[in-house]
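Here is how the chains run, residue by residue.
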Amino acid sequence: MSTKRKKKKKNKIVLFVVEIIILAALLVGLYVYSKMNKVDNTGEIEEKDVNIELDSETAEVLKGYTNIALFGLDNREVGNYSGGNSDTIMIASINNDTKKVKLVSVYRDTFLNVKDDTYRKINAAYSYGGAKGAVAAFNKNLNLDIVDYISVDFGAVVDAVDLLGGIELELTSQEVQIMNDNYIDEINRVTDHSSSKLSGSGAFTVDGVQALAYCRIRYTAGDDFKRTERQRTVLTKMIEKAKASSLTTVGGMIDSMIDEISTSFTSKDLLKLAGNVMDYDLEDSHGWPFELCTGNYGSQGSLVVPTDLETNVKELHAYLFDEHNEVSNTVGGISDYIRQYTGCTPESTTRFDNPLTGDDNTSTADTGYILPEESDPE
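Analysis parameters
Residues numbered from 1 in each chain as written. Predicted model: local features only at pLDDT ≥ 70, side-chain atom pairs only at ≥ 80, totals over all residues. Heavy atoms only, no water. Disulfide = S-S within 2.5 Å. Helix = DSSP H or I, 4+ residues; strand = E, 2+ residues; numbered from the N terminus. Buried < 20%, exposed > 50% of the residue type's maximum accessible area, 1.4 Å probe, protein only. Axes fitted to C-alpha atoms, helices over the stretch in contact; angles between N-to-C directions. Parallel < 35°, antiparallel > 145°, perpendicular 65-115°, else oblique. Contact = heavy atoms within 4.5 Å. pLDDT = per-residue confidence, 0-100. Expected span 1.5 Å × (residues − 1).

*Asks:* Talk me through the state of the cysteines; I want residue IDs and the actual numbers.
*Replies:* All chains considered together, the criterion is met by one disulfide. A disulfide bridge connects Cys293 with Cys344, and the sulfur atoms are separated by 2.1 Å. In this structure the cystine formed by Cys293 and Cys344 twists about its S-S bond by roughly 115°; its chirality is therefore right-handed. Linking Cys293 in strand S12 (residues 291-296) with Cys344 in the loop between helix H12 (329-342) and strand S14 (351-353), this pair joins segments that are 51 residues apart in sequence. The burial state of Cys293 is the same as that of Cys344; both residues are buried.

Next comes the structure, spelled out in C-alpha coordinates:
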(Lines give C-alpha, C1' and ligand atoms only; values in the text may rest on other atoms or scores of the structure.)
Protein backbone atom coordinates (compact mmCIF):
# COMPACT_ATOMS: atom_id res chain seq x y z
CA MET A 1 0.00 0.00 0.00
CA SER A 2 2.71 2.44 0.96
CA THR A 3 6.17 3.58 -0.08
CA LYS A 4 8.78 5.44 1.90
CA ARG A 5 9.18 9.05 0.94
CA LYS A 6 12.14 9.88 -1.13
CA LYS A 7 13.66 12.58 1.14
CA LYS A 8 13.34 14.54 3.74
CA LYS A 9 -9.33 41.38 18.72
CA LYS A 10 -9.37 43.96 17.45
CA ASN A 11 -8.95 45.56 14.05
CA LYS A 12 -7.31 43.67 11.25
CA ILE A 13 -4.33 41.82 12.69
CA VAL A 14 -3.70 38.57 10.86
CA LEU A 15 -3.52 35.81 13.41
CA PHE A 16 -0.76 33.28 13.72
CA VAL A 17 0.02 32.78 17.42
CA VAL A 18 -1.59 29.36 17.47
CA GLU A 19 1.72 28.09 16.11
CA ILE A 20 3.46 29.37 19.21
CA ILE A 21 0.79 28.20 21.61
CA ILE A 22 0.99 24.55 20.69
CA LEU A 23 4.75 24.28 20.87
CA ALA A 24 4.93 26.28 24.05
CA ALA A 25 2.28 23.98 25.49
CA LEU A 26 4.41 21.00 24.57
CA LEU A 27 7.51 22.55 26.12
CA VAL A 28 5.86 23.41 29.42
CA GLY A 29 2.89 21.11 29.56
CA LEU A 30 3.15 20.63 33.31
CA TYR A 31 2.93 24.35 33.81
CA VAL A 32 -0.12 24.57 31.58
CA TYR A 33 -1.66 21.69 33.50
CA SER A 34 -1.34 23.67 36.72
CA LYS A 35 -3.18 26.56 35.02
CA MET A 36 -6.01 24.56 33.48
CA ASN A 37 -8.67 26.29 35.54
CA LYS A 38 -8.01 29.38 33.39
CA VAL A 39 -8.35 27.66 30.01
CA ASP A 40 -11.58 27.60 28.01
CA ASN A 41 -11.92 23.82 27.80
CA THR A 42 -14.72 22.68 25.51
CA GLY A 43 -14.45 18.98 26.27
CA GLU A 44 -13.35 15.95 24.33
CA ILE A 45 -14.48 15.46 20.72
CA GLU A 46 -15.93 12.08 19.78
CA GLU A 47 -14.64 10.42 16.65
CA LYS A 48 -18.14 9.91 15.27
CA ASP A 49 -18.64 13.70 15.16
CA VAL A 50 -15.59 14.64 13.07
CA ASN A 51 -15.63 12.64 9.81
CA ILE A 52 -12.90 10.12 10.51
CA GLU A 53 -12.87 7.69 7.57
CA LEU A 54 -9.68 5.59 7.50
CA ASP A 55 -8.97 2.19 6.05
CA SER A 56 -7.41 -0.28 8.48
CA GLU A 57 -3.84 0.17 7.23
CA THR A 58 -3.98 3.97 7.37
CA ALA A 59 -5.56 3.82 10.82
CA GLU A 60 -2.70 1.60 12.00
CA VAL A 61 -0.08 4.04 10.68
CA LEU A 62 -1.76 7.06 12.30
CA LYS A 63 -1.84 5.31 15.69
CA GLY A 64 1.83 6.21 15.98
CA TYR A 65 1.11 9.95 15.82
CA THR A 66 -0.76 12.59 17.77
CA ASN A 67 -2.34 15.05 15.33
CA ILE A 68 -3.69 18.38 16.55
CA ALA A 69 -5.63 21.06 14.67
CA LEU A 70 -4.53 24.63 15.33
CA PHE A 71 -6.63 27.70 14.61
CA GLY A 72 -6.00 31.43 14.87
CA LEU A 73 -9.29 33.28 14.64
CA ASP A 74 -10.02 36.50 12.82
CA ASN A 75 -13.24 37.30 14.69
CA ARG A 76 -12.43 40.93 15.52
CA GLU A 77 -12.88 40.42 19.27
CA VAL A 78 -10.96 38.84 22.10
CA GLY A 79 -12.16 35.67 23.80
CA ASN A 80 -14.79 34.61 21.25
CA TYR A 81 -13.95 31.12 20.00
CA SER A 82 -17.38 29.99 18.81
CA GLY A 83 -17.12 31.29 15.25
CA GLY A 84 -15.34 33.50 12.78
CA ASN A 85 -12.92 32.63 10.00
CA SER A 86 -9.64 30.95 10.92
CA ASP A 87 -6.88 32.86 9.22
CA THR A 88 -4.19 30.64 10.68
CA ILE A 89 -4.82 26.96 10.00
CA MET A 90 -2.26 24.34 10.93
CA ILE A 91 -1.70 20.72 11.75
CA ALA A 92 0.81 19.74 14.42
CA SER A 93 1.82 16.08 14.00
CA ILE A 94 3.80 14.51 16.84
CA ASN A 95 5.62 11.22 16.30
CA ASN A 96 4.86 9.41 19.54
CA ASP A 97 8.05 7.35 19.38
CA THR A 98 10.64 9.91 18.29
CA LYS A 99 8.93 13.00 19.81
CA LYS A 100 9.59 14.84 16.54
CA VAL A 101 7.03 17.49 15.60
CA LYS A 102 6.08 18.53 12.09
CA LEU A 103 3.90 21.54 11.37
CA VAL A 104 1.88 22.05 8.20
CA SER A 105 0.32 25.39 7.36
CA VAL A 106 -2.81 24.89 5.26
CA TYR A 107 -3.17 27.93 3.02
CA ARG A 108 -6.30 29.71 4.16
CA ASP A 109 -7.69 30.21 0.63
CA THR A 110 -7.47 26.52 -0.29
CA PHE A 111 -10.68 25.43 -2.01
CA LEU A 112 -12.11 22.45 -0.10
CA ASN A 113 -15.34 20.98 1.24
CA VAL A 114 -16.14 22.95 4.38
CA LYS A 115 -19.44 21.30 5.34
CA ASP A 116 -21.85 18.81 3.75
CA ASP A 117 -21.96 19.77 0.06
CA THR A 118 -20.58 23.29 0.59
CA TYR A 119 -17.26 24.20 -1.03
CA ARG A 120 -15.46 27.34 0.07
CA LYS A 121 -12.07 28.55 1.19
CA ILE A 122 -10.98 26.32 4.06
CA ASN A 123 -10.76 29.29 6.44
CA ALA A 124 -14.59 29.42 6.34
CA ALA A 125 -14.97 25.97 7.92
CA TYR A 126 -14.65 27.42 11.42
CA SER A 127 -17.42 29.94 10.80
CA TYR A 128 -19.72 27.14 9.59
CA GLY A 129 -19.26 24.82 12.55
CA GLY A 130 -16.87 26.22 15.12
CA ALA A 131 -13.80 24.25 16.13
CA LYS A 132 -15.55 20.89 15.85
CA GLY A 133 -16.75 21.70 12.34
CA ALA A 134 -13.29 22.82 11.28
CA VAL A 135 -11.72 19.64 12.68
CA ALA A 136 -14.33 17.60 10.79
CA ALA A 137 -13.40 19.46 7.59
CA PHE A 138 -9.72 18.66 8.15
CA ASN A 139 -10.45 14.96 8.57
CA LYS A 140 -12.84 14.82 5.63
CA ASN A 141 -10.58 16.59 3.13
CA LEU A 142 -7.18 15.36 4.33
CA ASN A 143 -8.06 11.81 5.48
CA LEU A 144 -6.89 12.38 9.05
CA ASP A 145 -7.93 11.30 12.55
CA ILE A 146 -7.85 14.60 14.46
CA VAL A 147 -9.93 14.81 17.64
CA ASP A 148 -8.08 17.63 19.41
CA TYR A 149 -7.65 21.31 18.67
CA ILE A 150 -6.35 24.57 20.08
CA SER A 151 -7.88 27.93 19.09
CA VAL A 152 -6.48 31.33 20.02
CA ASP A 153 -6.98 35.00 19.34
CA PHE A 154 -4.06 37.28 18.50
CA GLY A 155 -3.37 39.01 21.81
CA ALA A 156 -0.61 36.77 23.17
CA VAL A 157 2.09 36.94 20.54
CA VAL A 158 3.51 40.35 21.40
CA ASP A 159 3.91 39.54 25.09
CA ALA A 160 5.30 36.10 24.29
CA VAL A 161 8.13 37.46 22.15
CA ASP A 162 8.84 40.22 24.66
CA LEU A 163 9.04 37.74 27.53
CA LEU A 164 11.57 35.75 25.54
CA GLY A 165 13.68 38.89 25.21
CA GLY A 166 13.00 39.22 21.49
CA ILE A 167 14.11 37.06 18.59
CA GLU A 168 16.69 37.43 15.84
CA LEU A 169 15.44 38.08 12.30
CA GLU A 170 17.21 38.90 9.04
CA LEU A 171 15.22 41.67 7.34
CA THR A 172 15.42 43.27 3.93
CA SER A 173 15.05 47.02 3.49
CA GLN A 174 11.70 46.42 1.73
CA GLU A 175 10.40 44.37 4.67
CA VAL A 176 11.51 47.05 7.14
CA GLN A 177 9.76 49.78 5.16
CA ILE A 178 6.50 47.81 4.95
CA MET A 179 6.61 47.02 8.69
CA ASN A 180 7.17 50.69 9.50
CA ASP A 181 4.61 52.11 7.07
CA ASN A 182 1.77 49.64 7.46
CA TYR A 183 1.88 47.69 10.69
CA ILE A 184 3.93 48.85 13.66
CA ASP A 185 1.80 51.89 14.54
CA GLU A 186 -1.42 49.90 14.27
CA ILE A 187 -0.13 47.02 16.40
CA ASN A 188 1.10 49.51 19.02
CA ARG A 189 -2.39 51.01 19.24
CA VAL A 190 -4.18 47.68 19.44
CA THR A 191 -1.83 46.13 22.01
CA ASP A 192 -1.09 49.31 23.98
CA HIS A 193 2.63 49.07 23.30
CA SER A 194 5.13 51.66 22.14
CA SER A 195 7.54 49.70 19.98
CA SER A 196 9.91 51.72 17.82
CA LYS A 197 10.31 51.57 14.07
CA LEU A 198 13.36 50.03 12.43
CA SER A 199 15.82 51.33 9.86
CA GLY A 200 18.18 49.79 7.36
CA SER A 201 18.46 46.07 6.70
CA GLY A 202 20.28 43.04 8.04
CA ALA A 203 20.13 41.25 11.39
CA PHE A 204 17.79 42.66 14.05
CA THR A 205 16.68 41.63 17.51
CA VAL A 206 12.96 42.36 17.18
CA ASP A 207 10.41 42.72 19.95
CA GLY A 208 6.88 41.34 19.92
CA VAL A 209 5.28 44.20 17.98
CA GLN A 210 8.00 44.09 15.35
CA ALA A 211 7.82 40.29 15.08
CA LEU A 212 4.06 40.45 14.53
CA ALA A 213 4.52 43.22 11.96
CA TYR A 214 6.98 40.99 10.09
CA CYS A 215 4.47 38.14 10.06
CA ARG A 216 1.76 40.37 8.62
CA ILE A 217 3.73 41.36 5.49
CA ARG A 218 1.68 40.26 2.48
CA TYR A 219 2.34 42.38 -0.57
CA THR A 220 5.86 41.39 -1.56
CA ALA A 221 7.13 38.77 -3.99
CA GLY A 222 5.56 35.50 -2.94
CA ASP A 223 2.35 37.08 -1.59
CA ASP A 224 0.51 35.02 1.02
CA PHE A 225 2.80 32.03 0.46
CA LYS A 226 5.78 34.13 1.56
CA ARG A 227 3.82 35.43 4.55
CA THR A 228 3.26 31.85 5.68
CA GLU A 229 7.00 31.26 5.34
CA ARG A 230 7.70 34.32 7.49
CA GLN A 231 5.37 32.96 10.15
CA ARG A 232 7.25 29.68 10.21
CA THR A 233 10.55 31.56 10.50
CA VAL A 234 9.29 33.44 13.54
CA LEU A 235 7.92 30.23 15.02
CA THR A 236 11.26 28.46 14.62
CA LYS A 237 13.13 31.36 16.23
CA MET A 238 10.71 31.38 19.17
CA ILE A 239 11.08 27.65 19.70
CA GLU A 240 14.86 27.93 19.67
CA LYS A 241 14.74 30.80 22.15
CA ALA A 242 12.19 29.07 24.39
CA LYS A 243 14.13 25.83 24.57
CA ALA A 244 17.24 27.77 25.59
CA SER A 245 15.32 29.75 28.25
CA SER A 246 14.60 28.93 31.86
CA LEU A 247 11.38 27.24 32.88
CA THR A 248 10.48 30.44 34.73
CA THR A 249 10.76 32.49 31.53
CA VAL A 250 8.76 30.06 29.43
CA GLY A 251 6.26 29.58 32.23
CA GLY A 252 5.72 33.33 32.31
CA MET A 253 5.15 33.31 28.57
CA ILE A 254 2.48 30.63 28.88
CA ASP A 255 0.87 32.43 31.80
CA SER A 256 0.53 35.56 29.67
CA MET A 257 -1.23 33.62 26.90
CA ILE A 258 -3.30 31.10 28.82
CA ASP A 259 -6.46 33.21 28.97
CA GLU A 260 -6.50 33.37 25.17
CA ILE A 261 -6.72 29.63 24.52
CA SER A 262 -9.75 27.48 23.77
CA THR A 263 -9.05 23.76 23.52
CA SER A 264 -10.52 20.29 23.57
CA PHE A 265 -7.64 19.10 25.76
CA THR A 266 -8.46 18.07 29.29
CA SER A 267 -5.97 18.37 32.12
CA LYS A 268 -5.34 14.64 31.74
CA ASP A 269 -4.52 15.11 28.06
CA LEU A 270 -2.07 17.90 28.77
CA LEU A 271 -0.44 15.93 31.55
CA LYS A 272 0.10 13.07 29.11
CA LEU A 273 1.71 15.46 26.62
CA ALA A 274 3.84 16.85 29.42
CA GLY A 275 5.43 13.49 30.19
CA ASN A 276 8.31 14.08 27.78
CA VAL A 277 7.91 17.79 27.13
CA MET A 278 11.56 18.70 26.85
CA ASP A 279 12.12 15.89 24.36
CA TYR A 280 9.78 17.38 21.76
CA ASP A 281 11.66 18.84 18.83
CA LEU A 282 10.42 20.75 15.78
CA GLU A 283 11.71 18.61 12.93
CA ASP A 284 10.25 20.50 9.98
CA SER A 285 7.42 22.75 8.79
CA HIS A 286 5.90 23.39 5.39
CA GLY A 287 2.97 24.93 3.56
CA TRP A 288 0.23 22.83 1.91
CA PRO A 289 -0.97 22.07 -0.80
CA PHE A 290 2.41 21.13 -2.23
CA GLU A 291 1.20 21.43 -5.84
CA LEU A 292 -1.45 23.96 -6.74
CA CYS A 293 -2.84 26.48 -9.15
CA THR A 294 -4.44 29.82 -8.34
CA GLY A 295 -7.00 32.09 -9.88
CA ASN A 296 -10.18 34.08 -9.45
CA TYR A 297 -13.34 31.97 -9.57
CA GLY A 298 -16.34 34.28 -9.63
CA SER A 299 -18.29 34.35 -6.37
CA GLN A 300 -15.65 32.16 -4.71
CA GLY A 301 -13.04 34.88 -5.20
CA SER A 302 -9.31 34.17 -5.39
CA LEU A 303 -8.60 30.54 -4.60
CA VAL A 304 -5.70 28.20 -3.98
CA VAL A 305 -6.58 24.94 -5.77
CA PRO A 306 -4.77 21.65 -5.01
CA THR A 307 -3.73 19.89 -8.24
CA ASP A 308 -5.15 17.53 -7.50
CA LEU A 309 -6.48 16.96 -3.97
CA GLU A 310 -6.06 13.18 -4.01
CA THR A 311 -2.39 13.48 -4.95
CA ASN A 312 -1.75 16.24 -2.44
CA VAL A 313 -3.35 14.24 0.39
CA LYS A 314 -1.18 11.22 -0.38
CA GLU A 315 1.88 13.47 -0.37
CA LEU A 316 0.80 15.08 2.89
CA HIS A 317 0.62 11.66 4.54
CA ALA A 318 4.04 10.77 3.14
CA TYR A 319 5.46 14.00 4.56
CA LEU A 320 3.90 13.67 8.00
CA PHE A 321 3.90 9.89 8.46
CA ASP A 322 6.49 8.58 5.98
CA GLU A 323 3.71 6.65 4.28
CA HIS A 324 1.86 7.11 0.99
CA ASN A 325 -1.46 6.06 2.50
CA GLU A 326 -4.50 5.30 0.39
CA VAL A 327 -7.13 8.04 0.51
CA SER A 328 -10.79 7.54 1.28
CA ASN A 329 -13.51 7.44 -1.35
CA THR A 330 -14.70 10.74 0.12
CA VAL A 331 -11.38 12.42 -0.64
CA GLY A 332 -11.53 11.02 -4.16
CA GLY A 333 -15.01 12.48 -4.63
CA ILE A 334 -13.98 15.89 -3.31
CA SER A 335 -10.95 15.82 -5.60
CA ASP A 336 -13.19 15.12 -8.61
CA TYR A 337 -15.55 17.98 -7.71
CA ILE A 338 -12.70 20.48 -7.29
CA ARG A 339 -11.23 19.47 -10.63
CA GLN A 340 -14.58 19.85 -12.39
CA TYR A 341 -15.42 23.18 -10.74
CA THR A 342 -12.07 24.88 -11.27
CA GLY A 343 -10.72 23.06 -14.32
CA CYS A 344 -7.39 22.71 -12.50
CA THR A 345 -5.58 19.45 -13.19
CA PRO A 346 -2.02 18.35 -12.40
CA GLU A 347 -1.05 19.69 -15.81
CA SER A 348 -2.37 23.12 -14.72
CA THR A 349 -0.05 23.36 -11.73
CA THR A 350 1.60 26.76 -11.43
CA ARG A 351 3.29 26.33 -8.05
CA PHE A 352 5.40 23.33 -7.01
CA ASP A 353 6.75 23.29 -3.47
CA ASN A 354 7.12 19.63 -2.58
CA PRO A 355 9.39 18.72 0.36
CA LEU A 356 9.27 15.05 -0.62
CA THR A 357 10.85 15.40 -4.05
CA GLY A 358 12.65 18.71 -3.78
CA ASP A 359 10.48 20.15 -6.55
CA ASP A 360 10.44 23.91 -6.04
CA ASN A 361 8.91 26.22 -8.59
CA THR A 362 7.65 29.07 -6.42
CA SER A 363 7.68 31.60 -9.22
CA THR A 364 6.34 35.05 -8.38
CA ALA A 365 4.90 35.47 -11.86
CA ASP A 366 1.27 36.56 -12.13
CA THR A 367 -0.89 33.44 -11.68
CA GLY A 368 -4.22 35.18 -11.29
CA TYR A 369 -4.15 34.93 -7.50
CA ILE A 370 -5.33 38.18 -5.91
CA LEU A 371 -4.75 38.55 -2.20
CA PRO A 372 -7.95 39.47 -0.35
CA GLU A 373 -7.87 42.64 1.68
CA GLU A 374 -7.08 42.12 5.35
CA SER A 375 -10.62 43.11 6.28
CA ASP A 376 -12.07 40.69 3.73
CA PRO A 377 -14.13 38.09 5.63
CA GLU A 378 -12.94 35.47 3.22
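Text resumes after the structure shown.
*Asks:* Please give an account of the packing of helix H11 (residues 309-321) against H12 that cites residues and values.
*Replies:* Two numbers describe a pair of packed helices, the interaxial angle and the distance between the axes. H12 packs onto H11 with a crossing angle of 135° between their chain directions and a minimal axis gap of 8 Å. Taken together, the axes of H11 and H12 lie oblique to each other. On H12, the residues touching Leu309, Glu310 and Val313 of H11 are Val331, Gly332, Ile334, Ser335 and Ile338.

*Asks:* Tell me about the environment of Glu186, and please be specific about residues and values.
*Replies:* Mapping Glu186 onto the fold places it in helix H6 (residues 173-191). Separated by 23 residues in the primary sequence, Glu186 and Val209 place their C-alpha atoms 9.5 Å from one another.

*Asks:* Mind laying out the confidence of the model for the protein, listing which residues take part and the relevant values?
*Replies:* Residues at a pLDDT of 70 or more form 73% of the protein, whose mean pLDDT is 80. No element of the protein has a lower mean pLDDT than helix H1 (residues 18-27), at 49, and none a higher one than strand S9 (residues 202-206), at 98. In this model, residues 1-20 is a region of pLDDT below 50 whose contacts with residues beyond four sequence positions or in other chains number 82 contacts. Low pLDDT, under 50, characterises residues 364-370; the stretch is placed with 17 contacts to residues that sit more than four places away or in other chains.

*Asks:* With reference to specific residues and values, describe H11.
*Replies:* Compared with the 18 Å implied by 1.5 Å per residue over 13 residues, the 18 Å span of H11 between its first and last C-alpha is a close match. Taken together, the buried positions of H11 are Leu309, Asn312, Val313, Glu315, Leu316, His317, Ala318, Tyr319, Leu320 and Phe321. Immediately downstream of H11, the backbone of Asp322 shows phi near 60°, a positive value.

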